[in-house]
Amino acid sequence: MRGWTAGDIPDLSGRRAIVTGANSGIGHHTALQLARRGASVVLACRSAERGRAAADRIRAAAPDADVVLGRLDLADLSSVRTFAAEHGDAPLDVLVNNAGVMAVPRGSTADGFETQFGTNHLGHFALTGLLMDALRAAPAARVVTLTSGFAWSGRLRFDDLQGERRYRKWTAYGQSKLANLVFAKELDRRVPELTSVAAHPGYAATNLQQAGPKLQGSTIMEKAFGLGNALMAQSAAAGALPSLYAATAPDLRGGACYGPRLLQYRGAPVKVVTPPHADRPGLGERLWQVSEDLTSVAYASAPA
């Protein structure tokens, strides 16, 4: 089997998409392919400079691309609210919750949350809720939230979500990626008007793996991750295929997760098995309530 490729993306003319973290890696290739197929794409980036450079690269690769830059810092809820106010005034067909940080030293977001949980989960939880009216205004909206194979080792430690008593960077990362997966499933249960799914890229070569060691000043580990990417990882373009499949393929099942077919490591995108604890009764409901309390974002009810 050839497997699904970017060439299978249908025509997206007339559709609008937002991709977080679109300035590099998987997010950039996701935004590029959506724009190449005719979607109007908002590049939601923390750095305006890197965002402009990404927009220029997309326009160079696809001269007819309709791309708009929007500044978004998921580690600052005031930035999330500003972005949603600026880009939530028109129907939104696709939201790709892609941006994230991985295995960084313990730090805090602008709102006092542990950096990985606050950026990877709470920032996207708030963004999706604040864009809910725009999503509901589209005829068949989709929300794609990126998780990771590390969700298998993740646990939601509700007694210490912010890692204040004990912090291990990989444990915190696994928790944030499990939260992404649980959120995607719970969103699909709660908002039947849209389709919410998760996706993960397998092992793809991006700058994410080297960001943590760089912040710690570990040149050896930074080089080791770079070498691992070069020898074993698939490209960022290949890693974006599960996100693109989840965003555009016609035969999706809400609440499912899509990733690489070869041991969830690499290859064409397919529906993949997720950790059983992600479907544990009450887990999604509890995470949802905690997330609403922490972000002060309550999802609007559908109009009667």
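You'll find the structure just up there.
Attention in this report is confined to the structure presented alongside it. All figures in this text were calculated on a predicted structure; none of them were measured in a lab. (Residues numbered from 1 in each chain as written. Predicted model: local features only at pLDDT ≥ 70, side-chain atom pairs only at ≥ 80, totals over all residues. Heavy atoms only, no water.)

1. Some details on helix 10 (residues 241–248)
Threshold: Accessibility here uses a 1.4 Å probe with only protein chains present; expressed as a share of the type maximum, an area under 20% marks a residue as buried, one over 50% as exposed, and anything in between as partly exposed. In DSSP terms, a helix is any run of H or I states spanning at least four residues, a strand is any run of E spanning at least two, and both are numbered starting from the N terminus.
Across the eight residues of helix 10, eight count as buried, placing the element largely inside the fold. Taken as a whole, helix 10 has its buried residues at Leu241, Pro242, Ser243, Leu244, Tyr245, Ala246, Ala247 and Thr248.

2. Concerning the pairing of strand 3 (residues 66–71)
Condition: Pairing between strands requires that DSSP locate at least two bridges from one strand to the other. Throughout, right-handed denotes a crossover for which the path from the first strand over the helix to the second runs clockwise when the strands point away from the viewer.
Pairing of strand 2 (residues 40–45) with strand 3 involves six bridges; the strand directions are parallel. Within strand 3, the residue paired with Ser40 across the bridge is Asp66. Once the chain exits strand 2 it traverses helix 2 (residues 48–61) before rejoining the sheet at strand 3, and the crossover so formed is right-handed.

3. Comments concerning the pattern of salt bridges
Convention followed: Salt bridges are identified by distance alone: a Lys or Arg side-chain nitrogen within 4 Å of an Asp or Glu carboxyl oxygen.
Evaluated as defined, the whole model comprises six salt bridges. A salt bridge links Asp56 to Arg59; the shortest N-O distance between them is 3.7 Å. Taken as a pair, Asp56 and Arg59 lie in helix 2 at a separation of three residues, close to a single helical turn. Owing to a relative accessible area of 49%, Asp56 belongs among the partly exposed residues under this scheme. Lys185 is the partner of Asp279 in a salt bridge, and the nearest nitrogen-oxygen pair spans 3.5 Å. Placement of Asp279 in the loop between strand 8 (266–272) and helix 11 (283–295) and of Lys185 in helix 6 (residues 169–190) is noted, with a sequence separation of 94 residues between them.

4. Some thoughts on the sheet that holds strand 3
Rules: Orientation is described by axes fitted as lines to C-alpha atoms, over the contacting stretch for helices, and by angles from 0 to 180 degrees between their N-to-C directions. Pairs of residues are marked as contacts when any of their non-hydrogen atoms sit within 4.5 Å.
Taken together, eight strands build an open sheet; the order of strands is 3-2-1-4-5-6-7-8 and the sheet is mixed. The sheet is open, and its two borders are formed by strand 3 and strand 8, each paired with just one other strand. Between one strand and the next, the sheet's axes are offset by a mean angle of 25 degrees, whatever the strand orientation. Inspection of the sheet shows strand 7 (residues 257–262) paired to strand 8 by five bridges, in the antiparallel sense. Each residue of the ladder has a partner; that of Tyr258, found in strand 8, is Lys271. Packing of helix 6 onto the sheet brings it into contact with strand 4 (94–97), strand 5 (142–146), strand 6 (195–199) and strand 7, and relative to strand 6 it is tilted by some 160 degrees.

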